[in-house]
Amino acid sequence: MTENNVGDRRNPEGGRPPRWTRSQAMRIERAPETVAPVIEPPSEDPAADLHIWDTWLLRDRHGEIAEIDGWRVLFSLTAPEELLPGKRHDVAEIRFFYSRNGTEWHGGEPVFEAEALGQRQWAGSALYDDGDLYLYYTAAGDESVDELNYTQRIAVAHGGRFEADDDGVWSEGPWTHETILEPDGRWYESEDQSRGMIYTFRDPWFFEDPETGETNLLFEANTPVSTDSDRCDGDEARQEFNGSVGVATSHSGDPLEWELEPPLLDGVCVNQELERPHIVIHDERYYLFFSSHMHTFSPGLRGFDGLYGFVADSLRGEYDPLNGSGLVVTNPASVPFQAYSWMAFPYRDEILVQSFYNYREFAGDSLDGIADLSESEQRHLFGGTLSPTLRLDVGGDRTRIHGRLAHWHIPTSEEGLPNTDGYQPPEDVG
Ligand code: FRU
């Protein structure tokens, strides 16, 4: 058996990355602290002609929301609204929006011309560093092949600019696109090694460690587990669910030079997809968040589409699950798929969580039933815009949703927010 040897850096005694264990995940249940209220459609949608899903902010090296001449910039995966929502992943394109006040957003133009890598582009992060832009993304699908495929590599675009005036922001190329990371087959599963669901190697997230100054890129990955491994007590069906939070480090701090490091966390035997991992520093501790789906939990476990989180004292520390199980935010049982792809960011002494409005008015244990509905019903059910931003009260390893803002409201810490005394958690958490 080749038990995932995680190398020497974190691991002088031949240890291993911290794990999200089955016994922790067994504790997942909906509670007033973790269930978000039912979402109503927004009265106005700044991108009504687009499906919008995974979304991220332009930030600086320190993780602060960056501004370009007073404008904040938001990036989203998008597809034309005419498309069936289930097909959007096959044509995803990154577009951007800008706002002066964090409530009214404009724009929706593509960031790149046709030159971006991959057949299509999936999620990433955006760094504004001393006037230079580094737009990290997932190059999904091998563009040298005609058929749609699911190869994933991590790419960056740089050399372009965002220009701004009083009326708005625009992207000005040319952008140079480079592949910066591919799975090594040792710590990170390659497409060939994958068994079961589609492998993952995507969603780069820039993170500079404020304690050590080290420059890192987190990403979603899988841990290679061979069939003769004793992981999951040798249960091959469970072993196929092998999600991990990967990390690469730039030892020089150069945003273009990365070396793979052992994963920060592994969810082998628990879940296949630890999506869009990112860190928020809160009370000097490291809160690691990612999104995951109900259908990507390993056999024998019941989880939800939700935001999951862990906390440690350092980036490569021993991560403890938040709220005992890892579950931080989920949807009500009556609309279990109403939001997805949560992104947490710090705001004064709390943490805010932004996500997109996914399938509303649709109950059940799986989204499979959606495909049986008429095309107009499928379009009607898909929110395809940003959800109301949630407010999290966080202390140690406990979290509690204690308020929410409007759809598309992404405040910076100079703004005051209303007090949340009147917030009522949903009564029926299911
Ligand atoms: C999460 C996600 C990301 C990926 C994108 C593809 O919603 O699966 O991991 O980058 O969607 O559309």
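Relevant structure appears above.
Fair warning: this is a prediction, and the values are worked out from it, not measured in the lab.

(A) Spotlight on the sheet that holds strand 14 (residues 259–268). Spatial ordering of the open sheet is given by 11-12-13-14, a layout of four strands whose pairing is antiparallel. Only two strands of the sheet have a single neighbouring strand rather than two, namely strand 11 (202–208) and strand 14. Going across the sheet, the axis of each strand differs from the next one's by a mean of 25°, ignoring polarity. Looking at chain direction, strand 11 and strand 12 (residues 215–222) are connected through five bridges and run antiparallel. By the bridge assignment for strand 12, phenylalanine 206 is matched with leucine 217.

(B) Spotlight on the pattern of salt bridges. One pass over the structure, following the stated rule, counts 22 salt bridges. For arginine 72, the salt bridge goes to glutamate 67, with nearest N and O atoms at 3.7 Å. Note that aspartate 235 and arginine 238 form a salt bridge whose closest N and O atoms lie 3.6 Å from each other. Salt bridges linked by common partners bring Arg202, Glu220, Glu273 and Glu275 together as one network.

(C) Local environment of the nonpolar core. Counting residues in each nonpolar core, the largest one holds 103 residues, and the members touching the most others are Trp20, Phe75, Leu135 and Tyr319. Looking at this core, the element that brings in the most residues is strand 20 (residues 339–347), giving seven residues. Setting aside anything within four residues of it in sequence, one finds leucine 135 in contact with Phe75, Val111, Phe112, Ser125, Ala126, Ala155, Val156, Ala157, Phe162 and Trp175. Tyr134, Val156, Tyr199 and Phe201 belong to the second largest nonpolar core, which has 18 residues in total.

(D) The packing of aromatic side chains, seen in detail. If you walk through the whole model with that rule in mind, you get 28 aromatic pairs. A ring pair is formed by phenylalanine 97 and tryptophan 408, whose centres lie 5.2 Å apart and whose planes are at 75°; its orientation type is edge-to-face. Pair noted here: phenylalanine 97 is in strand 3 (residues 93–99) and tryptophan 408 is in the segment after strand 24 (398–407), with a separation of 311 residues, a long-range link. Exposure class is identical for phenylalanine 97 and tryptophan 408. Each is buried. Judged by centre distance (5.3 Å) and plane angle (50°), the rings of tyrosine 359 and phenylalanine 382 are tilted. With tyrosine 359 in strand 21 (residues 350–359) and phenylalanine 382 in strand 22 (residues 382–386), this pair connects stretches of sequence that are 23 residues apart. Owing to a relative accessible area of 6%, tyrosine 359 belongs among the buried residues under this scheme. The class of phenylalanine 382 is buried, set by a relative accessible area of 4%. Taken together through their ring pairs, the aromatic side chains of Trp56, Trp71, Phe75, Phe96, Tyr98, Phe112, Tyr137, Phe162 and Trp175 make up a single cluster. Arginine 100 extends its terminal NZ or CZ atom over the ring of tryptophan 71, reaching a point 4.0 Å from the ring centre.

(E) The state of the cysteines, seen in detail. This structure, assessed with the given rule, holds one disulfide. Here cysteine 232 engages in a disulfide with cysteine 269; their sulfurs sit 2.2 Å apart. Negative torsions about the S-S bond denote left-handed disulfides, and the value of about -90° found for cysteine 232 with cysteine 269 makes this one left-handed. With cysteine 232 in the loop between strand 12 and helix 2 (236–239) and cysteine 269 in the loop between strand 14 and strand 15 (275–282), the pair connects residues that are 37 residues apart, well separated along the chain. For cysteine 269, a relative accessible area of 7% translates into the label buried.

(F) Focus on the site of the ligand. The ligand sits among Trp53, Asp54, Leu77, His89, Trp122, Ala123, Arg202, Asp203, Glu220, Glu275, Tyr340 and Ser341. Note that an oxygen atom of the ligand is positioned 2.9 Å from one of the side-chain N or O atoms of arginine 202. Interatomic distance of 3.3 Å between a side-chain N/O atom of glutamate 220 and an oxygen atom of the ligand. Its free accessible area being 320 Å², the ligand has 95% of it covered by the protein chains. Every element with two or more residues in the shell around the ligand is listed here: strand 1 (50–59), strand 5 (120–129), strand 11 and strand 20.

Definitions and limits used
Residues numbered from 1 in each chain as written. Predicted model: local features only at pLDDT ≥ 70, side-chain atom pairs only at ≥ 80, totals over all residues. Heavy atoms only, no water. Pairing = 2+ DSSP bridges. Helix = DSSP H or I, 4+ residues; strand = E, 2+ residues; numbered from the N terminus. Axes fitted to C-alpha atoms, helices over the stretch in contact; angles between N-to-C directions. Salt bridge = Lys/Arg side-chain N within 4 Å of Asp/Glu carboxyl O. Core = buried A, V, L, I, M, F, W, Y, C linked by side-chain atoms within 4.5 Å. Buried < 20%, exposed > 50% of the residue type's maximum accessible area, 1.4 Å probe, protein only. Contact = heavy atoms within 4.5 Å. Phe/Tyr/Trp six-rings, centres within 6.5 Å; stacked < 30°, edge-to-face > 60°. Lys NZ or Arg CZ within 6 Å of the ring centre and 35° of its normal. Disulfide = S-S within 2.5 Å. Near = heavy atom within 4 Å. Polar contact = N/O pair within 3.5 Å; in protein donor to acceptor, adjacent residues only side chain to side chain. Areas by Shrake-Rupley, 256 points an atom, 1.4 Å probe, with all protein chains shown as cover.

Interpretation note: all reported values are geometric properties and have no functional meaning in isolation.
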